[in-house]
Amino acid sequence: EKNERGNYVVTLFPGHGIGPEISKAVISVFRQAQVPIEWEEYEVHMQPIDDSGKLISEEALNSVRRNKIGLKGPMMTPIGKGYRSINVTLRKDLNLYANVRPCKTIKGVKCRYTNVDLVTIRENTEGEYSGLEHEVAPGVMENLKIISKKAC
């Protein structure tokens, strides 16, 4: 939905490393295309913001919930124990249960296959994406696969 000024309000997490540069370029593309967007920008931290170890503020998560749309640049998860991947955090906290990937051939672009019109949908919060893993022995990781009726 557009706001009272006729713009879409989009939450932006610029990211880390090359993320801010990519985010800036994407914003420029939208601006050049005259897409009516107002950005609400939030940082995803590399150090915990509270005792719970969270890297994303509740205010930032509420922005995405309120706007129902967000753009995320590439992000890094701090190295060390006790940090949940930022992508897993976003998927869990925002209940982003599906990863939808359309794939369609474009006329005039030479490729191996023609007339491709396919959409893959991957469950994103459970199974191997549950984020429940630990090192059972040096160099040996165990990943728990969780499946629930709610996510099916």
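To be clear, the structure that these remarks concern was listed above.
Residues numbered from 1 in each chain as written. Predicted model: local features only at pLDDT ≥ 70, side-chain atom pairs only at ≥ 80, totals over all residues. Heavy atoms only, no water.

Give me the sheet that holds strand 3 (residues 70-72): which residues, what numbers.
Paired through their backbone hydrogen bonds, the strands of a sheet run either parallel or antiparallel. Strands sit in the order 2-1-3 across an open sheet of three strands; the sheet is parallel. With partners counted over all chains shown, the strands left at the sheet margins are strand 2 (37-41) and strand 3, one partner each. Strand-to-strand twist in this sheet, taken as the mean axis angle between neighbours without regard to direction, amounts to 30°. The pairing of strand 1 (residues 8-13) with strand 2 spans five bridges and is classified as parallel. Residue L12 lies in a different strand from strand 2, and its bridge partner there is E41. Strands strand 1 and strand 2 of the sheet are contacted by helix 2 (residues 58-67), whose axis makes an angle of about 150° with strand 1. (Pairing = 2+ DSSP bridges. Helix = DSSP H or I, 4+ residues; strand = E, 2+ residues; numbered from the N terminus. Axes fitted to C-alpha atoms, helices over the stretch in contact; angles between N-to-C directions. Contact = heavy atoms within 4.5 Å.)

Describe in detail the nonpolar core, supporting the description with residues and values.
The biggest cluster of nonpolar side chains holds twelve residues, and these are F13, Y42, V44, L55, I56, A60, L61, V64, M75, I86, L90 and L94. Among the secondary structure elements, those contributing two or more residues to this core are helix 2 and helix 3 (86-93). Sort the elements by how many residues they give to this core and helix 2 lands first, with three residues. Non-local contacts of I86, meaning those with residues more than four positions away in its chain, are made with H16, V44, L55, I56, M75, M76 and T77. (Core = buried A, V, L, I, M, F, W, Y, C linked by side-chain atoms within 4.5 Å. Buried < 20%, exposed > 50% of the residue type's maximum accessible area, 1.4 Å probe, protein only.)

Outline the side chain of T89, listing residues and values.
Mapping T89 onto the fold places it in helix 3. A relative accessible area of 14% means that T89 is categorised as buried. Setting aside residues up to four positions removed in sequence, T89 forms contacts with I56, R84 and L94.

Which residues make up the layout of surface pockets, and what are the values?
Size it by volume and the largest pocket reaches roughly 360 Å³. Residue lining of the largest pocket: 14 residues in total, with G70, K72, L90, L94 and L96 positioned closest to the centre. In the lining of the largest pocket, the residues fall into eight nonpolar, four polar and two charged. (1 Å grid on protein atoms, 1.4 Å probe; cavity = no way out; pocket = protein on both sides within 12 Å on 5 of 7 lines; lining within 4 Å. Points joined across faces, edges and corners; volume = space filled by probe spheres on them. Nonpolar A, V, L, I, M, F, W, Y, C, P; charged D, E, K, R; others polar.)

Run through the pattern of salt bridges, naming residues and quoting values.
Tallied over the entire structure, the rule returns five salt bridges. Across the pair R5 and E38 runs a salt bridge, and its minimum N-O distance is 2.7 Å. You can see R5 sitting in the segment before strand 1 and its partner E38 sitting in strand 2, a full 33 residues away along the chain. Overall, the relative accessible area of 22% leaves E38 in the partly exposed class. Within this structure, E4, R5 and E38 form a network of salt bridges that share partners. (Salt bridge = Lys/Arg side-chain N within 4 Å of Asp/Glu carboxyl O.)

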